[in-house]
Amino acid sequence: MKIVLLGSPGVGKGTYASMIKEKYDLAHISTGDLFREAIKKSTDLGKKAKEYIDRGNLVPDELTIELLKKRLEQKDAKNFLLDGFPRTINQAEALEKITKIDLVLNFYASEKVILQRLGGRRICKKCGAIFHLKNRIPKKLGICDECDGELYQRADEMPDIIRERLEIYRKKTRPLEDYYRKKGLLKEIKADEDMNSFNFKTEILDKIEAVLDGVKNK
Ligand code: AMP
């Protein structure tokens, strides 16, 4: 199955992708992760992308589409979950030329929940573990529970940049909801619950499974 995950930054697409991929054996392809990897390795693409990412802007379509195209050519990418792509109509049209999508899951939550989730994230510099000032509080302030590494806040998760990313989402990415709705591919999933609540993972996985099983049995 070829699935696109849509939803605002901070809605939890990455978390849901990990849950789905384990159960359905799909490659999890996140353009954000691919860019961050390129930045870490200081490749030409990474250097170009960093300028846009740090400011909360979208990386230009040509660069992003090229990156995704290459990733989809890899052996493991026959069935996949796309997380963070497409983000513009132009990208969606390019994707259509590369392959046929079976389903688009659109996750939505209130702006209050989104701001809280994004603003509180802290990441370990050493091992990459993710903490949250409300949902996964580190035992020692600013220090990783796993390896004692220093925790930092992603440059693109600072308050001003978050606002910029949400605005860009509204303008450039939200139109994709209609685009896929008209094609009959869009399924909505409410993801507003407190991620920390005992039932959250089970509830969201149940919702996702109901949609996926419905599509498989068609
Ligand atoms: P994410 O981890 O998905 O929030 O992505 C982090 C950043 O990478 C975004 O804020 C964009 O600057 C960039 N990015 C990721 N995916 C795309 C895309 N499909 N188109 C343009 N820029 C992207």
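All of the points below concern the structure found in this document. (Residues numbered from 1 in each chain as written. Predicted model: local features only at pLDDT ≥ 70, side-chain atom pairs only at ≥ 80, totals over all residues. Heavy atoms only, no water.)

**A word on the site of the ligand**
Right, so step 1: Around the ligand sit 16 residues in total, of which Thr31, Arg36, Asn57, Gly84 and Arg87 are the nearest.
Right, so step 2: For the ligand, an oxygen atom lies 2.9 Å from a polar atom in the side chain of Arg36.
Right, so step 3: At 3.0 Å, a side-chain N or O of Arg165 approaches an oxygen atom of the ligand.
Right, so step 4: Coverage of the ligand by the protein chains reaches 94% of its 480 Å² of free accessible surface.
Right, so step 5: Along the lines of polarity and charge, the residues of the shell around the ligand split into 5 nonpolar, 6 polar and 5 charged. (Near = heavy atom within 4 Å. Polar contact = N/O pair within 3.5 Å; in protein donor to acceptor, adjacent residues only side chain to side chain. Areas by Shrake-Rupley, 256 points an atom, 1.4 Å probe, with all protein chains shown as cover. Nonpolar A, V, L, I, M, F, W, Y, C, P; charged D, E, K, R; others polar.)

**Side note on the sheet that holds strand E2 (residues 27-30)**
Right, so step 1: Taken in spatial order, the 5 strands line up as E2-E3-E1-E4-E8 in an open sheet, and their pairing is parallel. Edge positions in the open sheet fall to E2 and strand E8 (186-190), since each of these has one partner strand only. Neighbour-to-neighbour, the strand axes of this sheet turn through a mean angle of 20°, independent of strand direction.
Right, so step 2: Across 5 bridges, strand E4 (residues 103-108) lies against E8 in parallel orientation. Opposite Asn106, over in E8, you have Glu188 as the bridge partner.
Right, so step 3: Sitting on the sheet, helix H1 (residues 13-24) touches strand E1 (2-6), E2, strand E3 (80-83) and E4, and the angle it makes with E3 is about 175°. (Pairing = 2+ DSSP bridges. Helix = DSSP H or I, 4+ residues; strand = E, 2+ residues; numbered from the N terminus. Axes fitted to C-alpha atoms, helices over the stretch in contact; angles between N-to-C directions. Contact = heavy atoms within 4.5 Å.)

**So, the environment of Gly149**
Right, so step 1: Relative to the elements of secondary structure, Gly149 occurs in the loop between strand E6 (130-132) and strand E7 (151-152).
Right, so step 2: On a C-alpha basis, the gap between Gly149 and Glu62 in space is 36 Å, while along the polypeptide they are 87 residues apart.
Right, so step 3: Those residues within four positions of Gly149 in sequence are excluded, and the remaining contacts are Cys124, Lys126, Gly142, Ile143 and Cys144.

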